[in-house]
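Chain and residue survey
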Amino acid sequence: MASITINHSFSRNPNISFHPQNPLIQTQALFNFKPSISKCSPIIHCAIRRRPEYTPSHIPDPNYIRIFDTTLRDGEQSPGATMTTKEKLDVARQLAKLGVDIIEAGFPASSEADLEAVKLIAKEVGNGVNEEGHVPVICGLARCNKRDIDKAWEAVKYAKKPRIHTFIATSEIHMKFKLKMSRDEVVEKARSMVAYARSIGCEDVEFSPEDAGRSDPEFLYHILGEVIKAGATTLNIPDTVGYTVPSEFGKLIADIKANTPGIGDVIISTHCQNDLGLSTANTLAGACAGARQVEVTINGIGERAGNASLEEVVMALKCRGEQVLGGLYTGINTQHILMSSKMVEEYTGLHVQPHKAIVGANAFAHESGIHQDGMLKHKDTYEIISPEDIGLNRVNESGIVLGKLSGRHALQAKMLELGYDIEGKELEDLFWRFKSVAEKKKKITDDDLIALMSDEVFQPQFVWQLENVQVTCGSLGLSTATVKLIDADGQEHVSCSVGTGPVDAAYKAVDLIVKVPVALLEYSLNAVTEGIDAIASTRVLIRGENGHTSTHALTGETVHRSFSGTGADMDIVISSVRAYIGALNKMLSFRKLVSKHSKPEGSAVV
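Residues numbered from 1 in each chain as written. Predicted model: local features only at pLDDT ≥ 70, side-chain atom pairs only at ≥ 80, totals over all residues. Heavy atoms only, no water.

Right, let's talk about the overall build of the protein chain for a bit. Summing up its helical and strand segments, the protein chain has 17 helices and 18 strands in all. A burial count over the protein chain gives 58% of its 606 residues as buried. Carbon and sulfur atoms make up 53% of the accessible area of the protein chain, which amounts to about 25,400 Å² in all. (Helix = DSSP H or I, 4+ residues; strand = E, 2+ residues; numbered from the N terminus. Buried < 20%, exposed > 50% of the residue type's maximum accessible area, 1.4 Å probe, protein only. Areas by Shrake-Rupley, 256 points an atom, 1.4 Å probe, with all protein chains shown as cover.)

See the structure below:
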């Protein structure tokens, strides 16, 4: 059964003509067009389009854009964004629910832990069918060597639709200083490794010429032609360092399409980094120029300044696809965007800035008097997309007001209104946290509920659980803290300590119980809402002294993993301790997974 996506039909601007044979004209139209006033809303002439059946090297509908999500691979390379296996599986399930076409689940050769995580995702998510009948492709990254490719295939082969994504650098600076290889050697390595990936049974092989944005175009045409002959089904063109501007990147895609032998037999993809803040614009330019797969991440997380943001690219295509983007559309169920964003934000500890497009806290906020006046008269004056389109519904049409007398059903209905479909133990845990806050706070806001939801539902599997914490502090003496933790077997552990402040004392008391030496790399505390009774949200980043290591996909260097944790409570000390224990649980869970495998996690990859 094919899944269904809703796109909006708009009349084309009569001053723009679209030329399928010359995608550069579309690219120029994209960045020179003066938009007319209209709103992307489901009530405006909805046209239903079905997701085309999946064939690795062909898309039956020329206007369909495949969404390749690399949150679990490139996104996790962000400092501190390490996720446990359970968290990766949760995110993969959410990506499938969102409707992404391909999930790049990781870099299996980087560590045994990553290999096992990708394998688990391939088995469970790669064989599951979402509510629309869609099964995503599960992809594993591999450098152009047999060991990497073997590891990738070992992990993804259990999926119904497995893919290997292999790459090698093609820019002069990378070939000379990083690879120390000639052009001919790079071409031969790429050709032979794509052929090898096909030979071991993988029928869906993606190839990327790393740093294509700074590569010689003629050399690109040559190496891409060779890997097509070797069996590649998708050619990904990465702007690895975010160097190009939209006109350049659009021309690069168009020129590759026009000059590469055999290009009609494969899919062209984009992978744009955000170093100059142009990743979304470059991605759209590439799509207008002929790319039919785009590589993105939730919230735009990733190396350095991050990647093209899934929510920005998808909503741009949904909002402007018919008007100026030549009818391009995706299979994404956009009403799952907000939940996906929040899940990735909490699991990685990488908070979204308030003014982030689409999913930021201020994306649909209007404080200026002029803007408020316009919104009261007609929402279309300042909103080009509806918050409901991404799963954000802050309008309480049911009239439910939550307080200390509210029950579970009212809480569940409110959370569903906010985009969170929870039940069972998750609902029970959230309910009792809500009741404890409602006893102390007269008004429970949506932001309070979202903070509590994140703190309860998005926490890692517990190795240690906070039972109680008591602190004494002030200007008359040293701060002291008593902490009671419960271990996975239900045993209680109590410890006391002193420190330079209440949080320092509490953390030292936790350390005495857990007995795992760590370094605290970052600590931040923010109020969720206004007022003296606001809930405090804490984020910490830690690294074990005997740190876990893995192999970096692009540089091949050994990197030390760090682990984040978040906590929320009306008491800033309790919020801080919850965040610290969350980070410790994530690190200890990761350590347990690594210890299951005989090969050391940081072993060399050749």
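In spatial order, the strands read E14-E15-E18; together these three strands make up an open sheet with antiparallel pairing. Each edge of the open sheet is held by one strand with a lone partner, namely strand E14 (518–527) and strand E18 (563–569). On average, each strand axis in the sheet is tilted by 15° relative to the strand beside it, whichever way the strands run. (Pairing = 2+ DSSP bridges. Axes fitted to C-alpha atoms, helices over the stretch in contact; angles between N-to-C directions.)

Turning our eyes to something else, we now look at the packing of helix H2 (residues 85–98) against helix H3 (residues 112–124). Close contact between H2 and H3 brings their axes to 10 Å; oriented N to C, the two are set at 35°. Of the two possible hands of crossing, H2 and H3 adopt the one that is right-handed. Where H2 abuts H3, its residues Thr85, Lys88, Leu89, Ala92 and Arg93 lie against Asp114, Ala117, Leu120, Ile121 and Glu124. Residues belonging to the contact of H2 with H3 are distributed by class as follows: five nonpolar, one polar and four charged. (Left-handed = near helix turned anticlockwise from the far one by under 90°. Contact = heavy atoms within 4.5 Å. Nonpolar A, V, L, I, M, F, W, Y, C, P; charged D, E, K, R; others polar.)

Within the element layout of this structure, Gly499 appears in strand E13 (residues 492–499). C-alpha separation for the pair Gly499 and Thr480, spaced 19 residues apart in sequence, amounts to 6.4 Å. Discounting chain neighbours no more than four positions away, the residues touching Gly499 are Leu478, Ser479, Asp504, Ala505 and Lys508.

Looking now at the packing of helix H8 (residues 246–259) against helix H9 (residues 279–288). Two elements in contact, H8 and H9, have axes whose closest approach is 8 Å; the angle formed by their N-to-C orientations is 30°. Considering how the two elements wind past one another, H8 and H9 form a crossing that is right-handed. Where H8 approaches H9, its residues Pro246, Phe249, Gly250 and Ile253 are matched on the opposing element by Ala281, Asn282, Ala285 and Gly286. Classifying every residue of the contact of H8 with H9 gives five nonpolar, three polar and no charged.

A side chain with one charge can pair with a side chain of the opposite charge if their charged atoms come near. This model, assessed by the stated rule, comprises 33 salt bridges. Its salt-bridge partner being Lys356, residue Glu312 comes within 2.9 Å of it at the nearest N-O pair. Residue Glu312 is located in helix H10 (residues 310–320), and its partner Lys356 is located in the loop between helix H11 (337–348) and helix H12 (369–377); the two are separated by 44 residues in the primary sequence. According to the relative accessible area criterion, Lys356 is buried, its value standing at 7%. One continuous salt-bridge network, built from bridges that share partners, spans Glu76, Lys88, Asp114 and Arg561. (Salt bridge = Lys/Arg side-chain N within 4 Å of Asp/Glu carboxyl O.)

The three strands lie next to each other as E11-E12-E13, forming an open sheet whose pairing is antiparallel. The open sheet has two edge strands with one neighbour each: strand E11 (464–472) and E13. Taken over all neighbouring pairs, the strand axes of this sheet differ in orientation by 20° on average, direction set aside. Where E11 and strand E12 (residues 479–487) come together, eight bridges link them in antiparallel fashion. Looking at E12, one finds that Asn468 is bridged to Lys484. In this fold helix H16 (residues 502–514) packs onto E11, E12 and E13, with an angle of close to 140° to the strand it touches most, E13.

Two faces make up the sheet, and in a regular strand the side chains alternate between them. For E18, a buried count of seven out of seven residues is recorded, marking the element as mostly surrounded by other parts of the structure. Covered by surrounding structure in E18 are Phe563, Gly565, Gly567 and Asp569 together with Ser564, Thr566 and Ala568, the residues of both alternating faces. With seven bridges joining them, strand E15 (residues 536–544) and E18 adopt antiparallel strand pairing. Opposite Val540, over in E18, you have Gly565 as the bridge partner.

Okay, helix H13 (residues 408–417) next. Buried within H13 are the following residues: Leu411, Lys414, Met415 and Glu417. Looking down the long axis of H13, one finds its buried residues gathered within 155° of arc, a one-sided arrangement. Turned more than 90 degrees away from the buried face of H13 sit His409 and Leu416, all of them exposed. (Arc of directions from axis to C-beta.)

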